[in-house]
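Listed here are the chains, written in short residue letters.
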Amino acid sequence: MRRPIGAVLAAIVLLLSGCAAATDAPAAPPPDAAFDYQLGGGYEPDAAIAVVVRDRTDAPDPDRYSICYVNAFQTQPGEQDDWPSEALLTDEAGDVVIDPDWPDEALLDISDDAAADLVIDRVGNWIRGCGTDGFDAVEFDNLDSFTRSGGAITLDDAVAVARDLVAIAHDAGLAAGQKNAAEHTTVLHDEAGFDFAVAEECAAYDECAAYTDVYESVLDIEYTDQLPKPFAELCAQQDTPPTAILRDRDLARPDESGHVYESC
């Protein structure tokens, strides 16, 4: 049956609108660009650096593609009391659930709709602030907090919240980066809409392909205290992204003790 001309015209309009939306999508970081991970405090990078990641409380680099770090699923160190108690995940005894590897970070409760709305509202404001400040993209840390929740939070909970945060980022003109959670890359890309990935130690743990099979742009940070082999050998591995860098665990500034920066 032939479609009415009005329906055909409407379909054409929708198709053109979809093309425009795709064209206007925030650009992910260049896939082969040299980058620096500056969460320990911003500083002037080497002239070859084209992409810089800094904390949301820091200023973006005005001359480079700048990514804003946001701890979206756990509290930042020293900031637990800044959150309403109902936004924090508690166990059966009523105690706040703490990340065992980061004892000053509490898990945010995204298993409950009301609590998840509190998280989305607050983190969403941070994301909008990143856009206003002039960042080009945002990365959401601790997507995998659900794996440390004792079953209280599910992957579906994380994907649902991530989807809302990615939408806020895109509305703010920011590309959205998946942080870690290698084994869930496909679902996070397909269902939450992430544009690129920021991976920690994917070469050391042989996880890089999980990201590079899905994203064109993958930023990998290896750390000096977790190298299973010399960094040059990690760089030579087939799946290691060309962007891979080596940093000290504390992400110290160049003028601070312990600073390390190498690139593949």
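For the structure itself, look to the data block above.
Nothing here was measured: the structure is a model prediction, and the numbers come from that model.

**Side note on helix α2 (residues 113-133)**
Between its first and last C-alpha, α2 extends 30 Å over 21 residues, near the 30 Å set by a 1.5 Å rise per residue. Along α2, the residues that are buried comprise Ala115, Ala116, Val119, Ile120, Val123, Gly124, Trp126, Ile127 and Cys130. Mapping the buried residues of α2 onto a view down its axis gives an arc of 165°, with all of them on the same face. For α2, the exposed residues set more than 90 degrees away from the buried face come down to Ala114, Asp117 and Thr132. Those residues of α2 that are buried lie in contact with β3 (65-71), β6 (137-141) and α3 (155-171). Capping the start of α2, aspartate 112 holds a side-chain oxygen 3.1 Å from the backbone nitrogen of alanine 114, two or three residues further along. In the segment just after α2, glycine 134 is the residue with positive phi, at about 110°.

**Points about the layout of surface pockets**
Its boundaries defined by the atoms lining it, the largest pocket holds a volume of some 1,000 Å³. Lining the largest pocket are 33 residues, and of these Trp102, Asp141, Asn180, Glu200 and Arg249 sit closest to its centre. Class assignment of the residues belonging to the lining of the largest pocket gives a composition of eleven nonpolar, six polar and 16 charged.

**Focus on the state of the cysteines**
Inspection of every chain in the model, using the stated rule, returns three disulfides. Across the disulfide, cysteine 68 is cross-linked to cysteine 130 (sulfur-sulfur distance 2.0 Å). Pair noted here: cysteine 68 is in strand β3 and cysteine 130 is in helix α2, with a separation of 62 residues, a long-range link. No difference in accessibility class separates cysteine 68 from cysteine 130, as the two residues are buried. The disulfide partner of cysteine 202 is cysteine 208, and the gap between their sulfur atoms is 2.1 Å. Residues cysteine 202 and cysteine 208 are joined by a disulfide whose S-S torsion is about 85°; by sign, that bridge is right-handed. Take cysteine 208: its relative accessible area is 2%, and that puts it in the buried class. In the protein chain, the cysteines engaged in disulfides, taken in order along the sequence, are linked 1-2, 3-4, 5-6.

Thresholds, definitions, all that
Residues numbered from 1 in each chain as written. Predicted model: local features only at pLDDT ≥ 70, side-chain atom pairs only at ≥ 80, totals over all residues. Heavy atoms only, no water. Helix = DSSP H or I, 4+ residues; strand = E, 2+ residues; numbered from the N terminus. Expected span 1.5 Å × (residues − 1). Buried < 20%, exposed > 50% of the residue type's maximum accessible area, 1.4 Å probe, protein only. Arc of directions from axis to C-beta. Contact = heavy atoms within 4.5 Å. Polar contact = N/O pair within 3.5 Å; in protein donor to acceptor, adjacent residues only side chain to side chain. 1 Å grid on protein atoms, 1.4 Å probe; cavity = no way out; pocket = protein on both sides within 12 Å on 5 of 7 lines; lining within 4 Å. Points joined across faces, edges and corners; volume = space filled by probe spheres on them. Nonpolar A, V, L, I, M, F, W, Y, C, P; charged D, E, K, R; others polar. Disulfide = S-S within 2.5 Å.

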